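Commentary on secondary and tertiary structure
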Amino acid sequence: MMTPLRISLALALSLLVGLTGQGLANSRGMSAAVDQMEICTGTGPVILYVDADGQPTAPPHYCPDFALMLLGALLPDAAVAPTPPQLALPAPDRTQPSLITRTLSAVPARAPPVLL
């Protein structure tokens, strides 16, 4: 039961990695959008992104690797450190000698056979 699920999950994940890798490779090869140009058409305004030479290019994309960095703008700058808990147990009495002793076995270790 679990084997077909594992195989199909592995195939789906490898296909997903292959497809997203191809999409990222295509977007990395395009020139970066430096400016945008607004064109007013009969159906409404259209925004075109252009590169440094004025040639149309793809709109800028946000890298998913650093998308979580945007959360830093929403979170406070410094986290408040929690207060340490109060000691619930008393400190051990270190004036007493150690009460832990080595246990000795009643049966000693077996010796090698006398006759071979």
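One can find the structure itself at the top, above this paragraph.
Calculation criteria
Residues numbered from 1 in each chain as written. Predicted model: local features only at pLDDT ≥ 70, side-chain atom pairs only at ≥ 80, totals over all residues. Heavy atoms only, no water. Pairing = 2+ DSSP bridges. Helix = DSSP H or I, 4+ residues; strand = E, 2+ residues; numbered from the N terminus. Buried < 20%, exposed > 50% of the residue type's maximum accessible area, 1.4 Å probe, protein only.

1. Side note on the pairing of strand 1 (residues 35-41)
Here seven bridges tie strand 1 to strand 2 (residues 44-50), and the two strands are oriented antiparallel to one another. Note that in strand 2 the partner of Thr-41 across the bridge is Gly-44. Hairpin geometry of strand 1 and strand 2 is characterised by an intervening segment of two residues between the two adjacent antiparallel strands.

2. Re the pairing of strand 2
Note: strand 2 against strand 3 (residues 56-57), two bridges, orientation antiparallel. The residue bridging Tyr-49 from the neighbouring strand is Thr-57, located in strand 3. The hairpin formed by strand 2 and strand 3 contains five residues between the paired strands, and Gly-54 there has a positive phi angle of roughly 90°.

3. A word on the environment of Val-50
Tracing the backbone shows Val-50 in strand 2. For Val-50, a relative accessible area of 8% puts it in the buried group. Sequence separation between Val-50 and Met-37 is 13 residues; the distance between their C-alpha atoms is 7.1 Å.

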